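What the coordinates show
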Amino acid sequence: DKLSTKITAKARKREREAFGRRQKAWASYAEACKLASEAYDAMELAWEVRFDTREKMNAAYEAMGIPDSSKQKPHYKDYTPEFLAARKDFLQAKSAHEAAQMEYTLRKVRRNHLKAIYDVARAEHDQFRHELMKVLSDSPKFDDDTIIREVDMAQVQTKPFYLANLFGKN
C-alpha cells in the first residue's frame, strides 16, 4: 500500500516536472517563431526597396545612352549625377537587404533549435504521462480516504507549504 503510494507520487511528480519543461520550451519556441516571422517580413520589405532602387539605377544607366544588357561600360567620368545617386541608393538598399537576410537566417536557425528542444520536452512529457497512466491503472483500487491521503502526501512531497492544509485542516 505505501509502496504503491510512493510509486504513484513519484510518477505524478515526474509528469508535472516534465509538463513544466514542455510549457517553457513551447513558450520559447513560440517567441522564436514570432521573431523569425518579423525578420522575414523585414527581409521582404528590404528586397522590395532593393528591387525598386535597382530599377531606378537601370533607368539612370539607360538615360546615359547605354542599355543595361550591353557589355560596354561607360568611363566613371561619364557617370551622371542621377546615376550616381541611384547607384548609391541601390548599394544602400542592397546592404540593408543582405543584413535583413542574415538576421532572418539567424532567427530561423534559433527557431529550429528551440523547436528541437520542444520536441524533446514533448516526448519526455508524453513518456512520463504514459508511465503515470500505467501506474494509476495498475494500482489497486482504494477507498476514498486512502485516495485523499495519497493525494495529500504527494502534494506534501512536492509542495512543503501545503502542510497547513494537510488532510483538510484549513
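Residues numbered from 1 in each chain as written. Predicted model: local features only at pLDDT ≥ 70, side-chain atom pairs only at ≥ 80, totals over all residues. Heavy atoms only, no water.

Now for helix 1 (residues 2-63). Counted at 1.5 Å a residue, the expected span for helix 1 with its 62 residues is 92 Å, and the 91 Å between its end C-alpha atoms agrees. Phi for G65, located one or two positions after helix 1, is positive at around 95°. (Helix = DSSP H or I, 4+ residues; strand = E, 2+ residues; numbered from the N terminus. Expected span 1.5 Å × (residues − 1).)

Formed by M57, A60, Y61, M64, F83, A86 and F90, the largest nonpolar core amounts to 7 residues. For this core, the secondary-structure elements that each account for two or more residues are helix 1 and helix 2 (81-138). Those residues in contact with M57 that lie beyond four places of it in its chain are F83, A86, R87 and F90. (Core = buried A, V, L, I, M, F, W, Y, C linked by side-chain atoms within 4.5 Å. Buried < 20%, exposed > 50% of the residue type's maximum accessible area, 1.4 Å probe, protein only. Contact = heavy atoms within 4.5 Å.)

To continue, consider the environment of V135. Of note, V135 is situated in helix 2. Sequence-wise, V135 and T8 are 127 residues apart; in three dimensions their C-alpha atoms are separated by 6.2 Å. Those residues in contact with V135 that lie beyond four places of it in its chain are I7, T8 and A11.

A contiguous patch of negative charge on the surface is contributed by E31, E38, D41, E44, E48, D52 and E55. Inspection of the secondary structure assignment puts E38 in helix 1. Here E38 falls in the partly exposed class, since its relative accessible area comes to 39%. (Patch = residues over 30% accessible without salt bridge, like charges linked within 9 Å, V, L, I, M, F, W, Y side chains within 5 Å. Areas by Shrake-Rupley, 256 points an atom, 1.4 Å probe, with all protein chains shown as cover. Salt bridge = Lys/Arg side-chain N within 4 Å of Asp/Glu carboxyl O. Lys, Arg positive; Asp, Glu negative; His and termini not counted. Charge placed at Lys NZ, Arg CZ, Asp CG, Glu CD.)

The relative placement of two aromatic rings is captured by the distance of their centres and the angle of their planes. Applying the stated criterion across every chain yields a total of 6 aromatic pairs. Plain terms: the ring middles of Y40 and Y104 are 5.2 Å apart, the flat faces sit at 65° to each other, and that makes the pair edge-to-face. One end of the pair, Y40, is in helix 1; the other, Y104, is in helix 2, with 64 residues separating them in the sequence. Ring pairing ties together the aromatic residues W26, Y29 and Y118, which thus form one cluster. (Phe/Tyr/Trp six-rings, centres within 6.5 Å; stacked < 30°, edge-to-face > 60°.)

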